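The residues making up each chain are set out below.
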Amino acid sequence: ELGWISKVYVNRPAVERHAEQIKKWKTLKGNWQAAWLLKAVTCIDLTTLSGDDAPSNVQRLCFKAKHPIREDLLKALDMHDKGITVGAVCVYPARVSDAVNTLKAAGCNIPVASVAAGFPSGQTPLETKLAEIRLAVEYGAREIDIVISRTLVLAGQWEGLYEEIRLCRAACGGAHMKTILATGELGSLANVYKASMIAMMAGSDFIKTSTGKEVENATFPVGIVMMRAIKEYYWQTGYKVVGFKPAGGIRTAKEAITWLMLVKEELGVEWLMPELFRLGASSLLGDIEQQIFYHVTGSYALQHELAMA
Amino acid sequence: MAALAALGAPPVPEIFATMEEGPIPGEINPGEAWLESHGRSLGHFVDGTWLKAAGRTSLECQEATTGRTVATVPAGDSSDVAVAVAAAKAAAEAWAGLGGPQRGQRLTRLAATLAGDRRGTMGALLALAGGRPLCRTLGADLDLGLRLLQVPAAGAQLGPPGLEGWTPLGVVAVVLGGPCSLPALLWKLGPLLAMGNTALVLSPPAAAPPLLLLGELSGEGAALPPGVLNVLAGPPGLCRALHTHPEVTSVTFLGAPQEELEALVWGSPCRGPRLGGPRGGRVVVIVLDSADLDSAAAAIAATAAAPLALFPWGGCVVLAQDAVVAALERRLWARLGGLRLGDPTDPKTEVGPLPPGTRPPEGVVQEAREEGAQVFQAPLPPLPEGGCRFYPPTLISGVAPTSRCLREPAPGPLLVLLSVRGPTEAVALASALPQTAAAAVWAQDITVALDTADRLPQGLVWLNALDLLDPSGGCAGGAADTDLDEALREFGCPPWEQPSKVDELLSPLVTVDDPGDPELAQAVAAARGAAPGWGRLPRASRARVLRGASAAPAGGRGAPEDGDNGDTAGGLQRALLRWAARVERAGGAVQALVAAGLPGGVLTVLPGNSRGSGSRLARHHPDGLWLCGGDADCDWASAASVPRVWGVPAGLLGAPGQDPPPGAERELELRCTRPHCLWLPGGAP
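Treat the numbers as computed from the prediction; the structure is a model and nothing was measured.

Rules used in this analysis
- Residues numbered from 1 in each chain as written.
- Chains lettered and ligands numbered in written order.
- Predicted model: local features only at pLDDT ≥ 70, side-chain atom pairs only at ≥ 80, totals over all residues.
- Heavy atoms only, no water.
- Helix = DSSP H or I, 4+ residues; strand = E, 2+ residues; numbered from the N terminus.
- Buried < 20%, exposed > 50% of the residue type's maximum accessible area, 1.4 Å probe, protein only.
- Contact = heavy atoms within 4.5 Å.
- Core = buried A, V, L, I, M, F, W, Y, C linked by side-chain atoms within 4.5 Å.
- Pairing = 2+ DSSP bridges.
- Axes fitted to C-alpha atoms, helices over the stretch in contact; angles between N-to-C directions.
- Buried area = accessible area lost by both parts, 1.4 Å probe.
- Salt bridge = Lys/Arg side-chain N within 4 Å of Asp/Glu carboxyl O.
- Polar contact = N/O pair within 3.5 Å; in protein donor to acceptor, adjacent residues only side chain to side chain.
- Nonpolar A, V, L, I, M, F, W, Y, C, P; charged D, E, K, R; others polar.
- UniProt positions renumbered as here; feature names shortened; annotations may be inferred.
- Parallel < 35°, antiparallel > 145°, perpendicular 65-115°, else oblique.
- Phe/Tyr/Trp six-rings, centres within 6.5 Å; stacked < 30°, edge-to-face > 60°.
- Lys NZ or Arg CZ within 6 Å of the ring centre and 35° of its normal.
- Disulfide = S-S within 2.5 Å.
- Expected span 1.5 Å × (residues − 1).

A. Structural context of the overall build of chain B. The helix and strand tally for chain B stands at 25 helices and 22 strands. Looking at chain B residue by residue over its 685 residues, the buried ones come to 53%.

B. Summary view of the side chain of Lys208(A). All names here are of chain A. In this fold, Lys208 is placed in strand E6 (residues 206–208). Among the residues examined, Lys208 registers a relative accessible area of 3% and is labelled buried. Those residues within four positions of Lys208 in sequence are excluded, and the remaining contacts are Asp145, Thr179, Ile180, Leu181, Ala182, Met226, Lys245 and Ala247.

C. Summary view of the nonpolar core. One finds Trp36(A), Leu38(A), Ile144(A), Trp259(A), Leu279(A), Ile288(A) and Ile292(A) to be the most contacted residues of the largest nonpolar core, which totals 110 residues. Each residue touching Trp36(A), except ones within four places of it in the same chain, is listed here: Leu28(A), Ile257(A), Leu260(A), Met261(A), Lys264(A), Leu272(A), Ile15(B), Met19(B), Glu20(B) and Glu21(B). Val70(B), Val174(B), Ala194(B) and Ala199(B) belong to the second largest nonpolar core, which has 52 residues in total.

D. Structural context of the environment of Gly100(B). Structurally, Gly100(B) is set in helix H5 (residues 100–115). Expressed as a C-alpha distance, the spacing of Gly100(B) and Ala194(B), which sit 94 residues apart in the sequence, is 7.0 Å.

E. Just the sheet that holds strand E16 (residues 460–463) of chain B, in detail. Residue and element names in this part refer to chain B. Spatial ordering of the open sheet is given by E12-E13-E14-E11-E10-E15-E16-E22, a layout of eight strands whose pairing is mixed. Each having just a single partner strand, strand E12 (374–377) and strand E22 (677–679) make up the two edges of the open sheet. Averaged over all pairs of adjacent strands, the angle between strand axes in this sheet comes to 20°, irrespective of strand direction. Strand direction decides the pairing type here: strand E11 (residues 316–321) and strand E14 (residues 414–420), joined by six bridges, are parallel.

F. Structural context of the pairing of strand E3 (residues 58–62) of chain B. Residues and elements named next belong to chain B. Judged from the five bridges that link them, E3 and strand E4 (residues 69–74) form a sheet pairing that is antiparallel. What sits directly across from Cys61, in E4, is Ala71. Between the end of E3 and the start of E4, which pair antiparallel, lie six residues, with Gly67 showing a positive phi angle near 80°.

G. Representation of the interface of chain B and chain A. Taken together, the contacts link 40 residues of chain B with 41 residues of chain A. When the two sides are added together, the surface that chain B and chain A hide from each other amounts to roughly 3500 Å², 65% of it contributed by carbon and sulfur. Taken together, the connections running from chain B to chain A amount to four salt bridges. Across the pair Glu232(A) and Arg331(B) runs a salt bridge whose closest N-O atoms are separated by 2.6 Å. Across the chain B-chain A interface, the total number found is ten residue pairs in polar contact (both at pLDDT 80 or more). It is helix H2 (residues 12–18) of chain B that provides the largest number of residues to the side of chain B that touches chain A, a total of five residues. Looking at the side of chain B that touches chain A residue by residue, the class counts come to 23 nonpolar, eight polar and nine charged.

H. Main features of the UniProt feature "active site" (unreviewed entry) in chain A. Residue and element names in this part refer to chain A. The positions that UniProt labels "active site" (unreviewed entry) are, in the present scheme, Lys208 and Lys245. The greatest C-alpha distance among the residues just named is 4.5 Å, despite their covering 38 residues of sequence, which places them together in space. With respect to the helices and strands, Lys245 occurs in strand E7 (residues 243–245). Lys245 gets classed as buried once you look at its relative accessible area, which sits at 0%.

I. View of the sheet that holds strand E4 (residues 143–147) of chain A. All names here are of chain A. Across the sheet, which stays open at both edges, the eight strands sit in the order E7-E6-E5-E4-E3-E2-E1-E8 with parallel pairing between neighbours. Looking at which strands have only one partner, the edges of the open sheet turn out to be E7 and strand E8 (279–281). When strand polarity is set aside, the average angle formed by the axes of neighbouring strands in this sheet is 25°. Taken together, the three bridges between strand E1 (residues 44–47) and E8 define a ladder with parallel strand orientation. Considered in E8, the bridge of Ile44 is made with Leu279. Of the strands in this sheet, E1 and E8 are in contact with helix H12 (residues 284–297), which crosses E1 at around 125°.

J. Spatial organisation of unusual backbone geometry. For the peptide bond that leads from Phe119(A) to Pro120(A), omega is -5°, which places it in the cis range. For Pro120(A), the position within the fold is in the loop between strand E3 (112–116) and helix H6 (126–139).

K. Region of the structure containing the packing of helix H3 (residues 30–37) of chain B against helix H6 (residues 119–130) of chain B. Residue and element names in this part refer to chain B. At a minimum axis separation of 7 Å, H3 and H6 run at an interaxial angle of 95°. By the angle class used here, H3 and H6 are roughly perpendicular. Between H3, through Pro30, Gly31, Glu32, Trp34 and Leu35, and H6, the contact on the second element is made entirely by Gly120, Thr121, Ala124, Leu125 and Leu128. When the residues that make up the contact of H3 with H6 are grouped by side-chain class, the tally is six nonpolar, three polar and one charged.

L. Just the packing of aromatic side chains, in detail. Applying the stated criterion across every chain yields a total of nine aromatic pairs over all chains. With centroids separated by 5.8 Å and ring planes inclined at 80°, the aromatic side chains of Tyr92(A) and Phe119(A) adopt a geometry described as edge-to-face. Residue Tyr92(A) is found in the loop between strand E2 (88–91) and helix H5 (96–106), and its partner Phe119(A) is found in the loop between E3 and H6; the two are separated by 27 residues along the sequence. The class for Phe119(A) is buried, based on a relative accessible area of 10%. Ring geometry for Phe45(B) against Trp50(B): centres 5.5 Å apart, planes inclined by 80°, an arrangement best described as edge-to-face. Under the relative-accessibility criterion, Phe45(B) is labelled buried at 5%. Aromatic ring contacts, followed pair by pair, group Phe220(A), Phe244(A), Trp259(A) and Phe277(A) into a single cluster. The side chain of Lys178(A) reaches across the aromatic face of Phe206(A), ending 5.6 Å from its centre.

M. Spotlight on the state of the cysteines. All names here are of chain A. Summed over all chains, the structure comprises zero disulfides over all chains. In this structure Cys43 is a free cysteine whose sulfur lies 15 Å from that of Cys90, the closest cysteine sulfur available. Among the residues examined, Cys43 registers a relative accessible area of 0% and is labelled buried.

N. Up close: the pairing of strand E10 (residues 282–287) of chain B. Residue and element names in this part refer to chain B. In terms of burial, E10 is largely enclosed, as six of its six residues are buried. Residues of E10 alternate between two faces, with Arg282, Val284 and Ile286 on one and Val283, Val285 and Val287 on the opposite face, all of them buried. When E10 meets strand E15 (residues 436–442), the two strands line up parallel, connected through six bridges. Bridge assignment links Val284 to a residue of E15, and that residue is Ala439. Of the pairings in the sheet, the one linking E10 to E11 comprises five bridges and is parallel in character. Directly across from Val284, in E11, lies its bridge partner Val317.

O. Expanded view of H6(B). Residues and elements named next belong to chain B. The end-to-end C-alpha distance of H6, which contains twelve residues, comes to 16 Å, matching closely the 16 Å that a straight helix rising 1.5 Å per residue would cover. When you tally the buried positions in H6, you get eleven out of twelve residues, the bulk of the element. Listed in full, the buried residues belonging to H6 are Gly120, Thr121, Met122, Gly123, Ala124, Leu125, Leu126, Ala127, Leu128, Ala129 and Gly130. Backbone geometry just downstream of H6 places Gly131 in the positive-phi region, at approximately 85°.

P. Spotlight on helix H10 (residues 208–219) of chain B. Residue and element names in this part refer to chain B. With twelve residues, H10 extends 17 Å between its outermost C-alpha atoms, agreeing within 8% with the 16 Å of an ideal straight helix rising 1.5 Å per residue. Burial within H10 is extensive, with eleven of its twelve residues counted as buried. Along H10, the positions that sit buried rather than exposed are Ala208, Pro209, Pro210, Leu211, Leu212, Leu213, Leu214, Gly215, Glu216, Leu217 and Ser218.

Q. Quick look at the side chain of Gln291(A). Inspection of the secondary structure assignment puts Gln291(A) in helix H12. Classification of Gln291(A) as buried rests on a relative accessible area of 17%.

What follows is the structure, given as structure tokens:
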């Protein structure tokens, strides 16, 4: 029943004005900043999605994922025993087994997320998409980030989109599925809203803003619209909570905190946990560690003092 | 690290669990710092320096949240007023003689000083005094205030069109009834100063600190010469002392709701129909079924939290179409519940305390509950001592237009939600609500939205937005819709007029219950009935009717205007006025007009003496009032809140047979019309 699709209205200037206001929010200081940064760390999906990924750099990434912040810094904040690790490690399907083996050897329970379904463009036939998902699950990925076909959105073929996502969900089996909407390529905020709702109806566990490879990735207007869609879905169903993941373009600790504050405002404090919120980032962790180093010691670290991811 | 622990911050694991946000630590409130630097005891600011006469009683300036005294000001009295008026008069000639462009430059310099590093002080003081949260006083308010200084400055620099030959009035007194926000004050001060007048601001102690800071800043950076802006603090009755000073040519009242203003006005001297002030009112928001409900809810909640700078009273009435009212309500509950209440000088606070001097609207809410409405109130967080000044954001739904919360505006974060069946009903309800200053229409269907916006009577209408205000476009001050042009004209004296001097105190006319005036009442009623139809006729038809009328008057001496097709309304008005001036007052004239096609009721001529008729007419609440051969009735009428009062000066039409003075036509045109401003946001900010 897709009659509601025609009744979705999003006013772009109003959303953009709201987003401008958000950029002016004052950032936190002191212990509050440290706590929020650690929360951001636990929600990061540490990502490496380059053409030149090899077992060696994936291994390094996994070790960093297990110890994202230096032990002594955590101890100074009295958080060393809380098991601070990142939320997940995100790699291409071909590198999933490397990641899984490394994490198992290190005795770490962080899930490995794999991108699938023709990442990043999504312009591959449906059978190969489903095959890719099944293989990734076989290799040991516990989370799958699928990419939708933007063509279906731009053509307004909502039933087609629903069917595609539903099939991907079935192929994931027990793995947890994030649907990447690639909002930079969807054309309008109304399309973003509609695509979010379809993705949630078709069974996604998370909706994600972008692949990180588009021209425009996670911006506040898009995030606001998607979060409103999540809230509306929760109201409609009464119980279903879907997670939100902004990805791409988040590089500084300040931006990470602003995203967290935005989630808290739009969705509520219950969403501020790794089960319902993730940040797709790679260099962000470095900046967060710097800020925590500064908070603890009062000066910024030199390059060799913090472990490279 | 030790320093942070000493701050009393909770340990990191605790914050990690609760994800609370914490205060912004550390910086000393710049407003308090400034007050400290003056030893918490301020004086008047007159003639470029502080004036602290000895032996005066002190009045306390209290903070809005807790009532704590933050500073003291001397209680001004008539000798202080005399000194201030003398200083202002002395500076007036020089200031006027500087010329428009120079004045514009000075005002821009003042705006630059305000925008510089003193903005924090100004914002903090405004938050302290008035209770508006800092995020507003330092944000939108300050930006709007600066625009209000810069735009008249630019206008004065370039020479506003149609104002050549206008001379300044001289010394203008601005009387504040209570703390008012920066834009509301600068809305008057900006054009006032740009036109070449000098200002004397009388303020109650609660509102004094930010104004005194403004005075101090005006001297910095060679902005305004000494004596141009003078600020006196004093008890409310101080404005009566003005009547012994005939140099004060105009008085403006600001910053208090209608009833309090009227209390101030009676018993004060005033000059001509220049008794004006923004009459605040509520904002009506119409949400149609094609609206972006989330954005609408966000904007409405923000308006409830801290009302718009120019409409500080009365909260918001939301008219939502049936299909979306439930969804909108749910979103409003979520938003209102998330608003942060607290100390207004804290940058995180979104809702401050009630403005000082206003009562909490508990009675209104209680009545609504008794009528069976659903009242949602956001829970109050733990508040600093003195928390009784806070009122939680409230949403009342399920009331009818007869309910008290709709009939009168109530201060505080109060929203009333009504459900309507469609845009037509929404327009009807919006027109029927008393005291509405502005309206907003939320709809994505552009045809419906523009049509609704067009039919709303409010002078200021936003489409899919709230609180977009810019002086160059036009802002409404409640019933007296004005835009910048008119604001400038309010403080200038056209070349065909002398600044009027009246020196008797204005007292409310004892309304003897005279049963007479049924004719007058009928005439006004008939005119009101004919107004929509006549107003909607296209210009050409109106022109045709009037041309026919002027060609065939009883006693036919009016020369018809040889009209080109582009007849300006001014030209026809001129013809009609000339004609009316020559024709004897008789019912026959009206018949001739009716025969010419003028709809009945549009023009009524009544016999009688013109003296005193102004006040009689004013009692019937017309939308505008022109008095030819102006007299004291004008003052009374504008004080009684008839909008758009004008004493038509005799010289306006020129001697018979001669052309009227330049600019007169435009003046007539402007006086006949009322700006209706529609804001359409679009594109990236």
